[in-house]
Amino acid sequence: MSFGVPNDGQTSTAQFEAVAVPFMGALYNKALSLTRRPEDAADIVQETYMRACRTFANFVEGTNAKAWLFTILYSVFVNKYRKDQRDPQIVSIEEWEETYHRELADPGWDEDFVGLLGTADAWQGPEISEALGKLPEEFRAAVLLVDVEQLTYEEAAGVLGCPLGTLRSRLFRARRVLFVELRNYARKQGFIGGTQA
């Protein structure tokens, strides 16, 4: 992919490529997690880089380029693809909390969650993708940005355009749903102890 940065006398194509290109894989993975369709993910990444290239003069050197690019990517997704997204059956967070209130009342669930998904490698595999796919998009995006991409809460809130408290709430609730959804898988894999429910 070649870039033509608008020539404002202060930025160059080489500067843009040095800042933005290293994150192409992470952006594609994020787009694929949002759309679950390779062709849509590729379109989102292409549009993200086109917008980033056009607005590169606004990027503040020394700030988090990954968060800046994710902000653009998420905006592209919301504006162009959210309406057309072909989601599997999305689970209402409220439904989950009502159905699994006893399991979620266990104060140790968060420790087990860390045991299950506490490393980057743990986020691989079809079971994880399927569980993530059942989350409403704004909850899935919070998990992907913080737990998978390792953005800070503040950076993730900026990407999603929501208050920090909202981001924390979405993340807490999404992690609880993922824990319930993946509990038996985690036990089979030996990530957490206990017997199957």
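A short tour of the structure in this document, coming up. Here the structure is a predicted model, which is why all the values come from computation and not from measurement.

What counts, and at which threshold
Residues numbered from 1 in each chain as written. Predicted model: local features only at pLDDT ≥ 70, side-chain atom pairs only at ≥ 80, totals over all residues. Heavy atoms only, no water. Buried < 20%, exposed > 50% of the residue type's maximum accessible area, 1.4 Å probe, protein only. Helix = DSSP H or I, 4+ residues; strand = E, 2+ residues; numbered from the N terminus. Arc of directions from axis to C-beta. Expected span 1.5 Å × (residues − 1). Phe/Tyr/Trp six-rings, centres within 6.5 Å; stacked < 30°, edge-to-face > 60°.

1. Notes on helix 10 (residues 153-160)
Buried within helix 10 are the following residues: Ala-156, Ala-157, Val-159 and Leu-160. Taken down its axis, helix 10 places every buried residue within 160 degrees of arc, on the same side.

2. As for helix 2 (residues 24-35)
Taking 1.5 Å of rise per residue, the 12 residues of helix 2 would be expected to cover 16 Å, and the 16 Å separating its terminal C-alpha atoms lies within 8% of that figure. For helix 2, the full list of buried residues reads Ala-26, Leu-27, Lys-30, Ala-31, Leu-34 and Thr-35. Along helix 2, the residues classed as buried sweep out an arc of 155 degrees about the axis, all on the same side. At the C-terminal side of helix 2, Arg-36 shows a positive phi close to 60 degrees.

3. Focus: the packing of aromatic side chains
Two numbers describe a pair of aromatic rings. These are the distance of the centres and the angle of the planes. Here the structure, examined in full by the defined rule, presents 6 aromatic pairs. Taken together, a centroid distance of 5.2 Å and an interplanar angle of 85 degrees make the contact between Phe-16 and Phe-56 edge-to-face. Linking Phe-16 in helix 1 (residues 13-20) with Phe-56 in the loop between helix 3 (38-54) and helix 4 (65-81), this pair joins segments that are 40 residues apart in sequence. Judged by its relative accessible area of 6%, Phe-56 falls in the buried class. Between the aromatic rings of Phe-59 and Trp-68, the centroid separation amounts to 4.8 Å while the plane-to-plane angle is 45 degrees, which identifies the pairing as tilted.

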